[in-house]
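These are the residues of each chain, in order.
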Amino acid sequence: MKRTVISFAVALLAIVAYAAVTPLYLDESAPLEQRINDLMSRLTLDEKLSIIHAQSKFSSAGVPRLGIPTFWTSDGPHGVRPDVLWDEWEQAGATNDSCVAFPALTCLAATWNPDMARRYGLALGEEARYRGKDMILGPGVNICRTPFNGRNFEYMGEDPYLASQLVAPYVQGLQSQGVAACVKHYALNNNELFRHTTNVIVDDRALHEIYLPAFKAAVQQGHAWGIMGSYNLYKNYHNCHNPYLLNNILKRDWGFDGVVVSDWGGAHDTEQSINYGLDLEFGTWTDGLSEGAKNAYDDYYLALPYKRLIEKGKYGTKELDEKVRRVLRLFMRTTLRDHRPRGSMCSAEHYAAAREIGCEGIVLLQNKGEALPINTATVKRVLVVGENAIKMMTVGGGSSSLKVQREIVPLDGLKSRLERDGVIVDYARGYVGDTISSYNGVTTGQNLEDNRTSAQLIEEAVNKAREADVVVFFGGLNKRHHQDAEEYDRESYGLPYAQDAVIEALAKVNKRLVVVNISGNAVAMPWRDRVAAIVQGWYIGSETGHALADVLVGDANPSGKLPYTWPEKLTDVGAHALGDYPGTKRDNEDIWDEEYREGIYVGYRWVDKAKTKPAFAFGHGLSYTTFKLGKPVASATRIAQGDSITFTIPVTNTGRRAGAEVVQLYISDLKSSLERPLKELKGFQKVYLEPGQTAMVNITIGRDALSYYDDQRSEWVAEPGDFEALIGTASDNLPARIKFTLTE
Ligand code: GLC
């Protein structure tokens, strides 16, 4: 008994002693806001100012006096960027920062699988922690409004609901490792051309129904700790300090309690930065990609210029303290967490995640005569053609460029897999596109030089194609300027480097031609009817060759679905049909006004309104097996405003091999006071089935799924009346229809 009392007393003493020496702000058992208050009370004015702007290219200051570490950010959405010098974009020359490149986010979106998104975020968070990073500058969720946008490969497609369902688990996975997400680029950064000077003019319905939902989901479902303001303007304010987007919508309406980070060089004015929502200023003195004054950190808008305004009495510390509180909250979620996971890099789990996400994101667009999968029992010789079969794609494209531990290119992945079964694999270049093999000081080590003429290259490919059982052409874009790259929009919808001529020539001599398009955007496919199979291969990263081989040889059954419409031609896209891309330059001002005249009619919403016929529809994707949807049943035929309704639909795998199907639910408001799209995606579920197996898929929706944004009342409205649920496996394949009524 006596021993117990003594040990209790000792324990109690230890706790009291710990509490006495450990300041409240470091006590993780204390309420967060109390810790913030305690820390605020200890900071000097200079310390407060020092933590709301950068101190180097990718870091901002902590408070060494109080044991608060430096805060480290890093690009990017697909992997942890190699370290650069303190105040340079150039490489630091580290030898321990080669990472795993995960698939580009368009590929993740094409999986239509929130579990994959969470797994993605978690693996990236582990790599970031191991590299000592506290914030990943990503994911990007800008909506694909035009296939010209250079950065669509970094984003999650054209539909706000799909992007919303994937960004939240990605953010949660990432932040589960103690690494902040910084969801970007908020908002309306839908093309790269004139990205610093474009003032977007868009109606409130399109803003709230199309362009903001994924950011709102990142904040309200994902609980993102960071949001990155975009370079462009909205209502003539730069979005890194914008009263409408940051103060009113993000912080007041959505309740965002995190930190608004500027894009690099996105801040342009001290008083606007003070008053319009910026909390953490990065990259000033650069336009995000070029140089500025050296060591200009004290001259940042939220540095000495801000201090001078306070000293002159123009400002108190009210606005400053609001920014500081947010930054301290960020610290307590990251650098001040004692037991953050240590992370890991280049692990087998990360490569497995990259490969499986890639496999699930690959979209089988066309497969005439079951050209795919390649059956190695009957196929004896395969010819691989195209520069994209050998070109590393993890280097390039802008700030998401990476230095990888390895990248399996398509030819290597496919060759090793086929030769394992005794198939002879040959290669022909087919065309020469871009032989640059470095970006921002990272080199691929490849030498892609080839001085043969186009005619010679095509002749070689055609002669070899005559002898092959199957020809697989790898083409597309390549993350070079104007070919899916930050800061450079595309300038034509067609494939570059005369790839169409190569494909046409191959199609003439071999009917079993498979075209694998590697890109982050749709491209023109005039040869579509003359090739057997078409696969959308995305930028898959380190495991590109393995993932593509898995699908092409049939080790994996493709289940990807397009996250954006694949237009037949550019004028089938609202942004181009109405002619407002890329906007109009003001007379005597370096500002471009870009009016989103198509409003809410983006992607398949435009297809339905303009009655265009896309090459491939949003949500389209084939499988090596077949599926049958049975008769759907609804849990009710009438629902009140607060009710939900569940649609149950049987799905059967009617083929000979296991596979996954994505059941998609679109809602059509049969009669509404305001014009609405014919249908909108409001639910989906991916289901894996063995041959012959049937599963009952349940999709539940509530009033949110029925609502539109009433720009007169500035609120979401679910208008009583009749609705129809359209259920199927693609936006142009919705055989199951159920009507229901929303009452008052
Ligand atoms: C770039 C990009 C942004 C990136 C940042 C840091 O300009 O717009 O996405 O995170 O600068 O590289």
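Here the structure is a predicted model, which is why all the values come from computation and not from measurement.

1. Comments concerning the overall build of the chain
The number of helices and strands found in the chain is 19 helices and 30 strands. Taking 744 residues into account, the globule formula puts the C-alpha radius of gyration at 27 Å, and the chain, at 27 Å, falls close to it. Residue burial in the chain is summarised as follows: out of 744 residues, 64% are buried. Of the contacts formed within the chain by residues at least 6 apart in sequence, a portion of 76% connects residues at least 24 apart. In the structure as shown, the chain presents an accessible area of about 26800 Å², 51% of it carried by carbon and sulfur atoms.

2. Concerning the nonpolar core
Counting 118 residues, the largest nonpolar core has V183 and Y186 as the members making the most contacts within it. When residues of this core are sorted by domain, at least three fall in each of domain 1 (29-88 + 97-333) and domain 3 (626-744). Setting aside its immediate chain neighbours within four residues, V183 contacts G138, P139, V141, V167, V171, F215, A218, A224, G226, I227 and M228.

3. A short note on helix 2 (residues 32-42)
Within the sequence span of helix 2, burial applies to R35, I36, D38, L39 and M40. Check the buried side of helix 2 and you find it contacts helix 3 (45-50) and helix 12 (318-333).

4. Structural notes on the state of the cysteines
Tallying each qualifying case throughout the model produces zero disulfides. Looking at C346, it has no disulfide partner, and the nearest cysteine sulfur is the one in C99, 6.6 Å off. Assessed through its relative accessible area of 16%, C346 is described here as buried.

5. A closer look at the side chain of E192
Counting through the fold element by element, E192 comes out in the loop between strand 4 (180-186) and strand 5 (198-201). Ignoring sequence-local partners within four residues, the contact set of E192 consists of N149, G150, R151, A485, E486, E487, Y488 and D489.

6. A few points about the pairing of strand 6 (residues 226-229)
Side chains G226 and M228 project from strand 6 onto one buried face, and the interleaved I227 and G229 project onto a second face that is buried too. Pairing of strand 4 with strand 6 involves three bridges; the strand directions are parallel. Residue V183 lies in a different strand from strand 6, and its bridge partner there is I227. With three bridges connecting them, strand 6 and strand 9 (residues 259-261) associate as parallel partners. Counted as the bridge partner of I227 is V260 from strand 9.

7. Details of the sheet that holds strand 5
Pairing in this open sheet of five strands is mixed, and the strands run 8-7-5-19-18 from one edge to the other. A single partner strand is all that each edge strand has here, and the edge strands are strand 8 (237-238) and strand 18 (584-585). Bridge analysis of strand 5 against strand 7 (residues 233-234) gives two bridges, and the strand direction is parallel. Bridge pairing links V200 to Y234 in strand 7.

8. Observations regarding the domain arrangement of the chain
Once the domains are mapped, the chain shows domain 1 (29-88 + 97-333), domain 2 (358-566) and domain 3 (626-744). Placing the centre of domain 2 and that of domain 3 at their C-alpha centroids yields a distance of 36 Å. Counting residues at the interface gives eight residues for domain 2 and eleven residues for domain 3. Approximately 640 Å² of surface area, both sides summed, lies buried where domain 2 meets domain 3, with 32% of it carried by carbon and sulfur atoms. Viewed at the interface, domain 3 and domain 2 are joined by two salt bridges.

9. Focus: unusual backbone geometry
Between K184 and the following residue, H185, the backbone shows a cis peptide bond with an omega angle of -5 degrees. Relative to the elements of secondary structure, H185 occurs in strand 4. Residue P373 is bonded to the preceding L372 through a cis peptide linkage, with omega at -5 degrees. At W112, a residue that is not glycine, the phi angle is positive and equals roughly 50 degrees. Take W112: it is sitting in the loop between helix 4 (105-111) and helix 5 (114-130).

Each value, and the rule that gives it
- Residues numbered from 1 in each chain as written.
- Predicted model: local features only at pLDDT ≥ 70, side-chain atom pairs only at ≥ 80, totals over all residues.
- Heavy atoms only, no water.
- Helix = DSSP H or I, 4+ residues; strand = E, 2+ residues; numbered from the N terminus.
- Rg over C-alpha atoms; globule rule 2.2 N^0.38 Å.
- Buried < 20%, exposed > 50% of the residue type's maximum accessible area, 1.4 Å probe, protein only.
- Contact = heavy atoms within 4.5 Å.
- Areas by Shrake-Rupley, 256 points an atom, 1.4 Å probe, with all protein chains shown as cover.
- Core = buried A, V, L, I, M, F, W, Y, C linked by side-chain atoms within 4.5 Å.
- Domains from an automatic or database assignment.
- Disulfide = S-S within 2.5 Å.
- Pairing = 2+ DSSP bridges.
- Buried area = accessible area lost by both parts, 1.4 Å probe.
- Salt bridge = Lys/Arg side-chain N within 4 Å of Asp/Glu carboxyl O.

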